[in-house]
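The residues making up each chain are set out below.
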Amino acid sequence: MTKEEKGQIIDELAEKFTQNNHFYITDTSGLTVAQVNAFRRLCYNAGVEYVVYKNTLIRKALEKQPANYEEIFKTLHGFSGVMFSKEAGNAPAKVIKEYRKKLEGKPGFKAASIESALFIGEEHLNTLTELKSKNELIGEIISLLQSPAKNVLSALLSGKNTVAGLVKALEERKN
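Residues numbered from 1 in each chain as written. Predicted model: local features only at pLDDT ≥ 70, side-chain atom pairs only at ≥ 80, totals over all residues. Heavy atoms only, no water.

Draft legend 1. Layout of the environment of V95. Relative to the helices and strands, V95 resides in helix α5 (residues 91–100). Accessibility expressed as a relative area gives 3% for V95, which makes it buried. Each C-alpha atom of the pair V95 and Y44 lies 9.8 Å from the other, and the pair is 51 residues apart in sequence. Once residues lying within four places of it in the same chain are set aside, the contact partners of V95 are F39, L42, C43, A46, V48 and M83. (Helix = DSSP H or I, 4+ residues; strand = E, 2+ residues; numbered from the N terminus. Buried < 20%, exposed > 50% of the residue type's maximum accessible area, 1.4 Å probe, protein only. Contact = heavy atoms within 4.5 Å.)

Draft legend 2. Representation of the sheet that holds strand β1 (residues 22–27) within the structure. Spatial ordering of the open sheet is given by β2-β3-β1-β4-β5, a layout of 5 strands whose pairing is antiparallel. Whereas interior strands pair on both sides, the edge strands pair on one side only; in this sheet they are β2 (49–52) and β5 (117–120). Taking each pair of neighbouring strands and ignoring which way they run, the sheet shows an average axis angle of 20°. Of the pairings in the sheet, the one linking β1 to strand β3 (residues 81–85) comprises 5 bridges and is antiparallel in character. Each bridged residue has a counterpart across the sheet, and for H22 the counterpart in β3 is S85. Sheet contacts for helix α2 (residues 33–45): β2 and β3; angle to β2, the most-contacted strand, approximately 145°. (Pairing = 2+ DSSP bridges. Axes fitted to C-alpha atoms, helices over the stretch in contact; angles between N-to-C directions.)

Draft legend 3. Focus on the pattern of salt bridges. Applying the stated criterion across every chain yields a total of 4 salt bridges. As a salt-bridge pair, E49 and K16 come within 2.5 Å of each other at their nearest N and O atoms. Highlighted residues: E49 in strand β2 and K16 in helix α1 (residues 3–19), separated in sequence by 33 residues. On the basis of relative accessibility, which here comes to 35%, the residue E49 falls in the partly exposed class. Note that E122 is salt-bridged to R100, the shortest N-O span being 2.4 Å. Residue E122 is located in the loop between β5 and α6 (125–129), and its partner R100 is located in helix α5; the two are separated by 22 residues in the primary sequence. The class for E122 is partly exposed, based on a relative accessible area of 36%. (Salt bridge = Lys/Arg side-chain N within 4 Å of Asp/Glu carboxyl O.)

Draft legend 4. Focus on helix α3 (residues 55–63). Inspection of α3 places N55, L57, I58, A61 and L62 among the buried residues, and these make up the whole buried set. Relative to the axis of α3, the buried residues are bounded by an arc of 165° and lie together on one face. Packing partners of the buried residues in α3 comprise α1, β1, α4 (70–73) and β3. (Arc of directions from axis to C-beta.)

Keep in mind that these numbers describe shape and distance, not what the molecule does.
Okay, structure coming up:
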């Protein structure tokens, strides 16, 4: 590979890091080609992009980012693949956990960046699977905000749409 080709790959990879708020560094060493292809298929079905690059190319692309990824550099050894997710920060973690049901311990989890927050080491994988996506959090907030309004509406409806019914419902709730 020529220096120009490497430079182009680094630029393309740096652009992917910029476009994706969430990425994971994994280790799929020891997997057969068929197993890696099955893992890629699982990633694709979950809306996660999985690509393999040389560690030096990943490092140079991360160095071009405005955020500081020096902690991740320590994990860039051996076989490294990158999982990109635009929407949900927990999607790659869920894919890894699901695939591990077939192969215990594979693929390995090295590091993740979720909205520039870094998670280094295998011990963070369970935490990452439990993260809620932005849409899930918005849904919960909307549900919480709607709850008091729903209570007032149900009180109105149970009291046959009268003010007396509302007052009675409020009085019952107070006691």
